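Residue-level structural notes
Listed below are the residues making up each chain.
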Amino acid sequence: MTPSASAPDFVYDRPKDAPLGPSPLLVALRDEKPVTRVSVWNGKLESWLVTRWEEAREVLGSPSVSTNPNNPGFPSVREGVRQRERGFFQMWDPPVHTAMRRTLTREFMVKKMDALRPAVARITTELLDDLAKKSGTVDYVEHFALPLPSLVICELLGVPYEHHEFFQENSKPFVDLTATAQQVTEAYARLSAFLKELLVVKRTNPGDDVVTRLGEQVDAGDITEQEAADLGALLLFAGHETTANMIALSTITLLENPEQIPRLFGTPDELGNAVEELLRYISVLHGGLRRVATEDLTIGDVTIRAGEGVIVPLSVVNRDPALFTDPDELALDRSNARQHLAFGYGIHQCLGQPLARAELQIVLPEVFRRLPELKLAVPLEDIPFKASSMVYGVQELPVTW
């Protein structure tokens, strides 16, 4: 089966997931046609949709696929983005990817993340102290879920928090499926310029932070100034956007499943497993993981030709009943929860996953320990979910306690 064999089954320009789970259409495809042809950009480009865990893992782990949006056939979330000079948050492909990833790997080692835990705990306590002083209905996103990872990533990178509104605002076009290619390019240019200026500052005022060390690698000739700015912008964007949404969605999920909350207060291993189950159950990468084949590969009984795009919608892949028993049920004690693909798989697996795990493990128990009467202030159906965002979440989350 090849793209020229028949018409695409449907257009996959906008995710159609339910608030906290996959759409019935994706579930049906996973069960009946796990590798199916779709079109994006309102029919202007054809691609493959992979909806079953086994095939998804095979695609993501294959050396025959690329994350470079400049490659012809790449199914970017919007037309024209692939024509940018570089896709900074795609981390490119080997050998550039290998070198750039090596530059950052030591910054996200588990030992370093463990050393950061006291700072995360301090920030969590300070924000919850402020939250507890408020009365009436409060926006949990504005006052907690968004500032927490923003403060953490600023501390890790050495970015003054006074600039948080700037980088939050310029991160939005990258995840907004309605943004134009020009808006994305302009936002990237502003973030890149900001990081270049910060690199200059760090040369005269160094600190124990990632941007300082990126500057040292520039001075040593290991990376270019542009590469350092790209890497810094990547971390600034990815370090707050996904985690902020994951904190908010996890809180909603637990409030909708209150019998599961006590499992957050078990042993460290039990808490770690609970977070893995939340990562499996909730998919914040709403547009799916996207790749393009660089050479022919066979997935299941389908041959994907070089130059054809591939989309892996995690919301349905991570609920594959072939791997997870009762996949639509939240079970914080699920024994194989860690087999989820929330952070991807293969060489492009998320570099910052130790940080995301650390934040969730610290934040979620503390929220329900400090605010045991926390509840939604509006019905679930009235919460404004981000239907047009590549990173899924909520626009705001009214809560009381």
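Note that the structure is predicted; figures quoted are calculated from it, not measured.

A few words now on the sheet that holds strand β2 (residues 45–50). The sheet built from five strands is open, its strands ordered β1-β2-β8-β5-β3 with mixed pairing. Among the strands making up the open sheet, the edge pair consists of β1 (35–40) and β3 (65–66). Of the pairings in the sheet, the one linking β3 to strand β5 (residues 289–293) comprises two bridges and is antiparallel in character. Across the sheet, the residue bridging to S66 is V292, located in β5.

An ideal rise of 1.5 Å per residue puts 34 Å on 24 residues; helix α8 (residues 181–204) measures up with 36 Å between its terminal C-alpha atoms. Taken together, the buried positions of α8 are A181, V184, A187, Y188, L191, S192, F194, L195, L198, L199 and K202. Tucked into the core, α8 has its buried residues touching α7 (164–175), α9 (210–219) and α10 (225–256).

Note that L330 resides in the loop between α12 (314–317) and α13 (353–370). Here L330 falls in the buried class, since its relative accessible area comes to 6%. Sequence separation of L330 and T243 is 87 residues, and the distance between their C-alpha atoms is 19 Å. Those residues in contact with L330, other than ones at most four positions away along the chain, are T253, N257, Q260, E277, L278 and Y281.

What follows is about unusual backbone geometry. In the Ramachandran plot, D326 falls in the positive-phi region, its phi being about 45 degrees despite a non-glycine side chain. With respect to the helices and strands, D326 occurs in the loop between α12 and α13. The class of D326 is exposed, set by a relative accessible area of 53%.

As a further point, take the packing of aromatic side chains. If you walk through the whole model with that rule in mind, you get four aromatic pairs. Ring geometry for Y140 versus F144: centroids 5.4 Å apart, planes at 45 degrees, classification tilted. Of the two residues, Y140 and F144 both sit in helix α5 (residues 140–145), four residues apart, roughly one turn of that helix. Judged by centre distance (5.2 Å) and plane angle (45 degrees), the rings of F166 and F194 are tilted. Here the residue F166 occupies a position in helix α7, and F194 occupies one in helix α8, the gap between them amounting to 28 residues.

Each value, and the rule that gives it
Per chain, residues are indexed from 1 in the order of the written sequence. Given that the model is predicted, a residue must reach a pLDDT of at least 70 before its local features are reported, and side-chain atom pairs must reach 80 or more before they are shown or counted; all residues, however, enter totals for whole chains, interfaces and linings. The basis for every side-chain value is the complete set of non-hydrogen atoms in the structure, without hydrogens or water. Only when DSSP finds a minimum of two bridges between them are two strands counted as paired. By definition, any uninterrupted DSSP run of H or I lasting at least four residues is a helix, any uninterrupted run of E lasting at least two residues is a strand, and each is numbered from the N terminus. Here a helix's expected span is defined as the number of its residues, less one, multiplied by 1.5 Å. Partly exposed residues are those whose accessible area sits between 20% and 50% of the maximum for their type, while under 20% is buried and over 50% is exposed, using a 1.4 Å probe and protein chains only. Two residues qualify as a contact provided that any one of their heavy atoms is within 4.5 Å of a heavy atom in the partner residue. Aromatic pairs are defined between Phe, Tyr and Trp rings, using the six-membered ring for Trp, whenever the two ring centres lie within 6.5 Å; interplanar angles under 30 degrees are classed as stacked, those over 60 as edge-to-face, and all others as tilted.

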